[in-house]
Amino acid sequence: MTRLTSDDIAHINLFYLKDYNSEFKARTGKTLLEFAQYLIEDEKIDFGKIRSAVVPITSGKGIIPGFSEAVFSILKFIGCKVFITTKTDIAGFFEAFQKKVDLIFAADDELFSVFNLGARKAIENSFATGKAYAAALELVAKNIENKEVLVIGVGKVGISAIKYFLEKKARVVIFDRDKERLKLVKKEFSSVRIESNLDSILPEIKLILIAAPAKDLIQEHHVNYETIIACPAIPIGVTKVAWKMIKPTRFIHDPLQLGVISMLALSIKNKS
Ligand code: PYL
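Residues numbered from 1 in each chain as written. Predicted model: local features only at pLDDT ≥ 70, side-chain atom pairs only at ≥ 80, totals over all residues. Heavy atoms only, no water.

K.L.:
Account for the overall build of the protein, naming residues and giving values.
P.N.:
Within the protein, the regular secondary structure consists of eleven helices and eleven strands. A buried classification covers 54% of the 272 residues belonging to the protein. Residue pairs at least 24 apart in sequence account for 60% of intrachain contacts in the protein once pairs closer than 6 positions are excluded. For the protein, the accessible surface area stands at approximately 12900 Å², while carbon and sulfur atoms represent 57% of it. If the 39 positive side-chain charges of the protein are averaged to one point and the 32 negative ones to another, these points end up 4 Å apart. (Helix = DSSP H or I, 4+ residues; strand = E, 2+ residues; numbered from the N terminus. Buried < 20%, exposed > 50% of the residue type's maximum accessible area, 1.4 Å probe, protein only. Contact = heavy atoms within 4.5 Å. Areas by Shrake-Rupley, 256 points an atom, 1.4 Å probe, with all protein chains shown as cover. Lys, Arg positive; Asp, Glu negative; His and termini not counted. Charge placed at Lys NZ, Arg CZ, Asp CG, Glu CD.)

K.L.:
Please provide a residue-by-residue account of the packing of helix α2 (residues 14-28) against helix α4 (residues 67-78), values included.
P.N.:
Relative orientation of the contacting elements α2 and α4 amounts to 60°, with a least axis distance of 10 Å. What the angle tells us is that α2 and α4 run oblique. Two packed elements cross with a definite hand, and for α2 against α4 that hand is right-handed. Each of Leu14, Leu17, Lys18 and Asn21 in α2 lies in contact with α4, whose residues at this interface are Ser73, Ile74, Lys76 and Phe77. Classifying every residue of the contact of α2 with α4 by side-chain character gives four nonpolar, two polar and two charged. (Axes fitted to C-alpha atoms, helices over the stretch in contact; angles between N-to-C directions. Parallel < 35°, antiparallel > 145°, perpendicular 65-115°, else oblique. Left-handed = near helix turned anticlockwise from the far one by under 90°. Nonpolar A, V, L, I, M, F, W, Y, C, P; charged D, E, K, R; others polar.)

K.L.:
Describe the pattern of salt bridges, listing the residues and the values that go with them.
P.N.:
On inspection of all chains with the given rule, the structure shows twelve salt bridges. A salt bridge links lysine 49 to aspartate 46, with the shortest nitrogen-to-oxygen separation between them at 3.3 Å. The exposure class of lysine 49 is exposed, given its relative accessible area of 64%. For the salt bridge of lysine 168 with glutamate 138, the shortest nitrogen-to-oxygen distance reads 3.6 Å. Separated by 30 residues along the polypeptide, lysine 168 in the loop between α7 (156-167) and β7 (171-175) and glutamate 138 in helix α6 (residues 125-141) bring together distant segments of the chain. On the basis of relative accessible area, lysine 168 is assigned to the partly exposed category, the value being 31%. Residue glutamate 138 is classed as buried on the basis of its relative accessible area of 10%. (Salt bridge = Lys/Arg side-chain N within 4 Å of Asp/Glu carboxyl O.)

K.L.:
How would you sum up the site of the ligand? Please name residues and give values.
P.N.:
Taken together, the neighbourhood of the ligand is formed by 14 residues, with Thr2, Leu4, Ile57, Ile64 and Ala107 sitting nearest. Note that an oxygen atom of the ligand is positioned 2.7 Å from one of the backbone N or O atoms of leucine 4. In the environment of the ligand, an oxygen atom lies 2.9 Å from a nitrogen or oxygen atom belonging to the backbone of isoleucine 64. For the ligand, whose free accessible area comes to 470 Å², the fraction covered by protein is 94%. Taken together, the residues that form the shell around the ligand break down as nine nonpolar, three polar and two charged. (Near = heavy atom within 4 Å. Polar contact = N/O pair within 3.5 Å; in protein donor to acceptor, adjacent residues only side chain to side chain.)

K.L.:
Tell me what's going on with the pairing of strand β5 (residues 121-124), and back it up with residues and numbers.
P.N.:
Within a regular strand, the side chains alternate between the two sheet faces. With four bridges joining them, strand β4 (residues 112-116) and β5 adopt antiparallel strand pairing. Bridging from a neighbouring strand, phenylalanine 115 pairs with alanine 122 of β5. Connecting β4 to the next strand, β5, in antiparallel fashion are four residues, including arginine 120 with a positive phi near 50°. (Pairing = 2+ DSSP bridges.)

Below, the structure is given as structure tokens:
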């Protein structure tokens, strides 16, 4: 997992999220709030009733300046009651418990998770992000049933996206440089097709989810104006020229927003 830097997230505040919300609606037809509802299959949830705490964690490489503030802003934008604990680590968890929150969001170097105290449920960021980006690609494509979707990178994010695409009856093609990992995924999801050469498959497949943090995977001869790319990965695996060839409303990427919204939604979703 790539560790975010302050520069990746410094812009994420309520003013910016207002614009990001409009850009997201232009791409998917849904606002971020409507997207959160979509992820919980439209269970009617009043996010205003949900109390969340964000706990800064100092372990390992330590606090990322702006990380807790970015998570805070995303949750506030969706309408949650949210605060950043004044204390860090265990003392921060204790503070959140004392303030009787419903959800606690916290990240160390290995895991970013939300803890739903009442439902005794934990949702981690990679799982939530994979599902969110697969759902966003589905919305931009309008319908993915029986359509081929390419998932590049079969780590935790990619596998979560594969599960979502298979549930929606898409035809999933997977690519990863780690051939052993590909074999394991094929064993778990027998209907997926493994492709070993991006150059040969990319021109035909128009729906691409990039869950591998590798630069310049997608090049100009791989894409055209019809291509839809959902890219949760950092760095973005698309060359500058290829990026220009893709219609802006058919490219979905952000460093944290969709993952946090998906963590929130999936942590309060009643069905399993
Ligand atoms: C959750 C992000 C998404 C991509 N990479 C993950 C990452 O950067 N993880 C590290 C997060 C560290 C946060 C730090 C703090 O400020 O509380 N412990």
